[in-house]
Amino acid sequence: MSSSVDTQKTFDLFLEKLTYGGDAMGRLQDGRAVFVPFGVPGERVRIRLTEEKRGFARGELLEIMDASPHRITPRCVHFGVCGGCHYQNLPYEEQLQTKTEILRDQLTRIGRIENPPVQKMVASPSPWNYRNHVQFHLTEEGKLGYVRADGPRMFAITECHLPEGSINSLWPQLEFESGTNLERVSVRSGKDADLMLILESDSPDSPELEIEAEISVAHVFEENAVVIAGNDHIFISVSGRDFRVSAASFFQVNTAMAEKMVSYLITNLPIPNLPTTTLLDVYCGAGLFSAFFAPKCGRLIGIESSPSACEDFAFNLDEFNNVELYEGLAEEVIPHLEAKPDVVLVDPPRAGLGKRVVDGILKLNPQIIAYVSCDPATLARDAARLINGGYRLKEITPFDLFPQTYHIESISLFER
């Protein structure tokens, strides 16, 4: 229940900590928590409330009265307006520590896991210019932009420090007519600085575009991709292996960190190199993890619902005879599997596994479950269900795939 907010009224607060979602938290005199974007813990600030609920409120930072010694100058001119970055005002080491604490807190509070075995966060080799894929929205004037931090409106950008250099050299050249029906414009970079421009809309009519650069251009609507120029895919190289990634397929956006996750799994998943070992890769996508495990086990089974990613998976794992792929939703495929996997690897979207998938995995009763998560809240919920189902959380290692933002990727290992 929201009550009307007196926007003239200001409050002075002490900011205690950062919370999942990027906001700093302080308390009003009545004890209610207030969530304030772009604040830093340890600061005394003046805020104006923007939203009030019965148990908490949201505020806007008006003035920093006592700044934290940890606060630094953000690199980007849009920081504070843009909804993309949350931590540019914190040194990178602080970001890593903050995210590790938040992950631990979510597992303890939501998952009710006492002393979760959270390891040191694996840092990104570069905290800047790490993204191989960036999605822009268009302003009404046809300029590329992002969503504002304070609401669903778009604003045009003049710089961004997260994309790889090749993307940053292209996007400022892109201009579209005002009022175009495009929902999103994406740029993806691959090996040898190959670039792909992906135009997303809900109309089958391909937009008109004049472009000088030698790049691939595809129009995607309802998972169908129409090639306007070049190819309908790009190749991304991870740990010396090339992956075909089509316009409508998902792939990890931080290539260097994808390599670190692959090497972590190769080192830490105790797969006996036996012809009898079966590995089930759920939400297998274009086959990033499967490609490295197919040579190590007798049988590898992938499950993926995206038709585009399934085609990429088939292409990327074509050399292996021990690989099967089921196209469909995990909750619908898993109950019909006759295989008994020794190891289950899952890499679900933000929504997590959900009850039906967890129940299906528990029924398969694998020895080991490796859970790649991009959302600590849904991970905590699913981890609690797996633990109740007879598994022990052996360790959880966070990976910083998204520096400057609140997003937290992690890999959890569960043993029966």
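What counts and what doesn't
- Residues numbered from 1 in each chain as written.
- Predicted model: local features only at pLDDT ≥ 70, side-chain atom pairs only at ≥ 80, totals over all residues.
- Heavy atoms only, no water.
- Helix = DSSP H or I, 4+ residues; strand = E, 2+ residues; numbered from the N terminus.
- Rg over C-alpha atoms; globule rule 2.2 N^0.38 Å.
- Buried < 20%, exposed > 50% of the residue type's maximum accessible area, 1.4 Å probe, protein only.
- Contact = heavy atoms within 4.5 Å.
- Areas by Shrake-Rupley, 256 points an atom, 1.4 Å probe, with all protein chains shown as cover.
- Lys, Arg positive; Asp, Glu negative; His and termini not counted.
- Charge placed at Lys NZ, Arg CZ, Asp CG, Glu CD.
- Phe/Tyr/Trp six-rings, centres within 6.5 Å; stacked < 30°, edge-to-face > 60°.

J.: I would appreciate a short explanation of the overall build of the chain in the present structure.
T.: Within the chain, the secondary structure is distributed over eight helices and 23 strands. Relative to the 2.2 N^0.38 estimate, which gives 22 Å for 416 residues, the radius of gyration of the chain is 23 Å and therefore close to what a compact globule would have. The dimensions of the chain, computed from C-alpha atoms along their principal axes, are 70 × 55 × 40 Å. Out of the 416 residues belonging to the chain, those deemed buried represent 52%. In the chain, of all internal contacts separated by at least 6 residues, the share reaching a separation of at least 24 is 58%. In the structure as shown, the chain presents an accessible area of about 19,200 Å², 47% of it carried by carbon and sulfur atoms. Each charge class in the chain can be summarised by its mean position, and for the 39 positive and 58 negative side chains these summaries are 10 Å apart.

J.: Mind showing me how you'd approach the packing of aromatic side chains here?
T.: The description of two aromatic rings rests on the distance between their centres and on the angle between their planes. Taken as a whole, this structure holds nine aromatic pairs when the rule is applied. Ring plane angle 70 degrees and centroid distance 5.9 Å describe the contact between phenylalanine 35 and phenylalanine 56, whose orientation is recorded as edge-to-face. Of this pair, phenylalanine 35 sits in strand β5 (residues 33-37) while phenylalanine 56 sits in strand β7 (residues 56-66); the two residues are 21 residues apart in sequence, bridging distant segments of the chain. By relative accessible area, which is 18% here, phenylalanine 35 ends up buried. Put simply, the rings of Phe136, Tyr146 and Trp171 pair up and form one aromatic cluster.

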